[in-house]
Amino acid sequence: MFVGGSSVFRLAVFGRRFWREIASHWALLLKSCGEAGSHCKARWFFLSRSASVFQSEILASAASKKYWDLSNYKPDQIKHSKSLLDKNSNNEVACKKCKKTEIRKTCRRLLTPRMEGTSSKAESTLQKSSLDVYTESNKRQHKSTSDTVILSVDTESSQDLDSDEDTTPGLDEFSGLSSYERKRLKNISENANFFASLQLSESAARLREMIKKRQPPESKRKKPKKRENGTGCRRSMRLLKVDPSGVSLPATPTQPTLIADENPLLPPGPLEMTPENRDDDSELFKRFLQTWANVSKTSSKNTEKELANIKSYKANLSGMVINEDTVHKVTKGAIFSVALHPSEIRTLVAAGAKSGQVGLWDLTHQSKEDGVYVFQPHSQPVSCLYFSPANPAHILSLSYDGTLRCGDFSRAIFEEVYRDERSSFSSFDFLGEDASTLIVGHWNGNISLVDRRTSGTSYEKLINSSLSKIRTVHVHPVHRQYFITAGLRDIHIYDTRHLNPRRSQPLISLTEHTKSIASAYFSPLTGNRVVTTCADCKLRIFDSSCISSEIPLLTTIRHNTITGRWLTRFQAVWDPKQEDCVIVGSMAHPRRVEIFHETGKQVHSFFGGECLVSVCSINTMHPTRYILAGGNSSGKIHVFMN
């Protein structure tokens, strides 16, 4: 039953159920032996007392972490358990509790012969009962070994209990405690003395000091030793601020540095028309101004005629060529706007640059260099440029710097028409055919109405539109009370008769565009079509023949309009002679300028070979002649002529 006792004791050392099972098994054993009533009573007292003492001893051993393991006992040691029992009985006679000792001795005399004569049937019954309680017990232990172990364990437990009661010093005040608690207190005191003898706190302090001492010192850069008699390195006397004789120079007063504006505004008022690329040829420039001042506009009769046949139109376009004489650099920076003089005799091209320059190129002159004149009427990009429809000797230019000027060839000045330093202009157009009233679009979404007949350079009316930004403004060629504006994502059509200074609502809104819009223009003769250029690589043509609540979309033309950061954005414009055809630049190779019909079909492509090796972003067509002028982002003008 107790074989393999190490595992058995660990399982039941703290449970009461174990001891109850022990008592019940012994009662069953005694009953099977058929003892008399008195003998059974004595044996039962012995068993109950032995069980309590045995339990206390095991608990005390568990507290001191010393478990019993009977599997390590040898048979020779077990045979002498009876002699040990007799020796412990003689020692117990001297104990104070004589009564308890006599009872134990009596029980042992009565129990020993009976246990030796126990039948094999009772032993098998006992082993079967112990297997039901603990699975780790050994089934094959001998009867005598089991009985002897039980008696030796009981004897040793009683001996330890009596010796603890007599020999443990300092526990008189704990006389009311049980034997287990006394044993526990003894183990605690012994453990405390043991740990105190180890001197762990002193060892930890010594270790801390050793760790602190082992920390490496901070590495310091070794300073080079100075040579007392050696010559040092040479140093600049100018940096030391001393003269050659060694006398220190007086400190120079520091002047505050002023940060110059990259694009300072030009002074208000008229500016002289002085070419920047001419120094001495004043007579040649005067002849140039006189020539263009005397050029009168030839009335165009194309507005009264029907559109030319598309076949004849293609044939005329095929006869337009480009050569080295029709390509020239006119301005310094990228070209933002191009205009062609409406003269049918002479050819004059005007270009507005990013640097604020306005360049004029007379192609009828013998030498290219002699026919180019560059002026600086603005300080920021010139985004819009038109020759006056009423007086061809006037050219109007609008700039981001918030100024609108009119260049007069007859007086050789740039007159200031409109100025607003708090705002930036984006585009303008003529409201009246006599060019006396203008409509100006602002980058902040405002619209200005300007009358040139009044004195001053201010606006007549300032309207807050429903757009956050305005890129282009264009007036209907027939019904001039309507004008179209291109915003960031929307196209709006307004009526000048119903403009509200606070917040004007458009008559029509075109919301088909998915990305940023570059431009929107009416067709030049009838205004029945609207062409828009969008960054989604599409050109859209709308039917504006009936301006109502909606304008239907007619055609969508796939065209690469992604010019990037360094190229001027594409703006598709109508051909004034053939209002059903659109002109636009191209990113394709070889470089070209393309013309599309309103149905989406490609009409013609202008190739220039070695004369056209860059992208012409801004293009315009002569109103009556077959002349095409295109400007690139380096200031060059390319002209295709018949």
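Residues numbered from 1 in each chain as written. Predicted model: local features only at pLDDT ≥ 70, side-chain atom pairs only at ≥ 80, totals over all residues. Heavy atoms only, no water.

Participant: I keep staring at the overall build of the chain and nothing clicks. Help me out?
Facilitator: Regarding its fold elements, the chain presents 13 helices and 29 strands. The 642 residues of the chain split such that 46% are buried. Residue pairs at least 24 apart in sequence account for 56% of intrachain contacts in the chain once pairs closer than 6 positions are excluded. Put simply, the chain shows about 36100 Å² of open surface, and 51% of that area lies on carbon and sulfur atoms. (Helix = DSSP H or I, 4+ residues; strand = E, 2+ residues; numbered from the N terminus. Buried < 20%, exposed > 50% of the residue type's maximum accessible area, 1.4 Å probe, protein only. Contact = heavy atoms within 4.5 Å. Areas by Shrake-Rupley, 256 points an atom, 1.4 Å probe, with all protein chains shown as cover.)

Participant: Sorry, what's going on with the nonpolar core here?
Facilitator: Soluble globular proteins tend to bury their nonpolar side chains together. Ranked by internal contacts, the top residues of the largest apolar core, which has 32 residues, are Tyr 313, Leu 317, Met 320, Ile 595, Phe 606, Met 621 and Leu 628. Those elements that provide at least two residues to this core are α13 (310-318), β21 (538-543), β23 (573-574), β24 (581-585), β25 (592-597) and β26 (602-607). The greatest single-element share of this core, amounting to four residues, is contributed by β24. When near neighbours in sequence (up to four residues on either side) are disregarded, Tyr 313 contacts Asp 575, Gln 578, Cys 581, Ile 595, Val 603, Met 621 and Tyr 626. (Core = buried A, V, L, I, M, F, W, Y, C linked by side-chain atoms within 4.5 Å.)

Participant: It is not clear to me how the sheet that holds strand β6 (residues 372-375) should be interpreted in this structure. Could you clarify?
Facilitator: Through backbone hydrogen bonds, the strands of a sheet pair up, either in parallel or in antiparallel fashion. Taken together, the four strands give an open sheet; going across it, the order is β3-β4-β5-β6, and neighbouring strands pair in antiparallel fashion. Sheet topology places β3 (335-340) and β6 at the edges, where each strand pairs with a single neighbour. Pairs of neighbouring strands in the sheet enclose a mean axial angle of 15°, with direction left out of account. Bridge count for strand β4 (residues 348-353) against strand β5 (residues 358-362) is five bridges, and the pairing is antiparallel. Bridge pairing in β5 links Leu 348 to Asp 362. (Pairing = 2+ DSSP bridges. Axes fitted to C-alpha atoms, helices over the stretch in contact; angles between N-to-C directions.)

Participant: Teacher, can you tell me more about the pattern of salt bridges here?
Facilitator: Pairs can form between side chains of opposite charge whenever their charged atoms are close. The full count for this structure, using the stated rule, is 13 salt bridges. When the shortest N-O distance is used, the salt bridge between Arg 411 and Asp 408 registers 3.0 Å. By relative accessible area, which is 7% here, Asp 408 ends up buried. The salt bridge involving Asp 451 is made with Arg 453; its shortest N-O contact spans 3.0 Å. Each of Arg 405, Glu 416, Arg 419 and Glu 421 takes part in one network of salt bridges that share partners. (Salt bridge = Lys/Arg side-chain N within 4 Å of Asp/Glu carboxyl O.)

Participant: So what exactly am I meant to see when it comes to the pairing of β26 here?
Facilitator: The side chains of a regular strand alternate between both faces of the sheet. In this sheet, β26 lies alongside β25 in antiparallel orientation, the contact comprising five bridges. Note that in β26 the partner of Ile 595 across the bridge is His 604. In this antiparallel pair of consecutive strands, β25 and β26, the connection spans four residues, and Gly 600 shows a positive phi of 105°.

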